[in-house]
Amino acid sequence: KKGYEYHLTPAGLAIKPMLMEMGKWGLQYSFSDVPAREINASVLVRDFAVSLCFDELPACDLTIEFIFNDEDPVQRRFIMIRKQTAQVCDENLGTEVDLYLTASKRTFADIWYGKQSVARACANGELKILGNTDLERTIGKWLGASQLAL
């Protein structure tokens, strides 16, 4: 196995709850004022990719396309899942897309930060999901959110 594993020290564990609450406070009182043009589509998709719950996904290769419909031209980002490892790509590497997620950067950000659920975004028409019906039905289980989600 390559790389290193990091663990918090006892001092880090002791301060973690306070830092988490400060992070939540920051999201609640500062993020809503960020203009949509400053929300980075690549960073959002990367954040979703690292928080996927692989236990809730089928044990096969998958490609999920995020379509940011508030950009001109429309921006697309991909999460390609191979052997329970997620890779973010700016373009499709030639695989069939299993699930398309279409929304504005603000909607995706609100889902990431816990300000809106996937179900509510779909019900409001802010998020469109097309593709594999099993993935669509279980998206609330496998699509993660920020540890600081409100």
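A short tour of the structure in this document, coming up. (Residues numbered from 1 in each chain as written. Predicted model: local features only at pLDDT ≥ 70, side-chain atom pairs only at ≥ 80, totals over all residues. Heavy atoms only, no water.)

1. Concerning the sheet that holds strand S4 (residues 99-103)
Now for step 1: On the basis of which strands lie adjacent, the open sheet formed by five strands has the order S3-S2-S1-S4-S5 and mixed pairing. In this open sheet, the two edge strands, each paired with only one partner strand, are strand S3 (85-89) and strand S5 (128-131). Here the average twist between neighbouring strands, direction ignored, is 20 degrees.
Now for step 2: Inspection of the sheet shows strand S1 (residues 62-68) paired to S4 by five bridges, in the parallel sense. (Pairing = 2+ DSSP bridges. Helix = DSSP H or I, 4+ residues; strand = E, 2+ residues; numbered from the N terminus. Axes fitted to C-alpha atoms, helices over the stretch in contact; angles between N-to-C directions.)

2. A short note on helix H2 (residues 41-50)
Now for step 1: Every buried residue belonging to H2 is among Ala41, Leu44, Val45, Asp47, Phe48 and Ala49, and all of these are buried.
Now for step 2: Taken together, the buried residues of H2 touch S1, strand S2 (75-82), S3 and helix H3 (105-112).
Now for step 3: For H2, the N-terminal capping position is held by asparagine 40, with its side-chain oxygen 2.9 Å away from the main-chain nitrogen of serine 42. (Buried < 20%, exposed > 50% of the residue type's maximum accessible area, 1.4 Å probe, protein only. Contact = heavy atoms within 4.5 Å. Polar contact = N/O pair within 3.5 Å; in protein donor to acceptor, adjacent residues only side chain to side chain.)

Taken by themselves, the reported measurements are silent on function.
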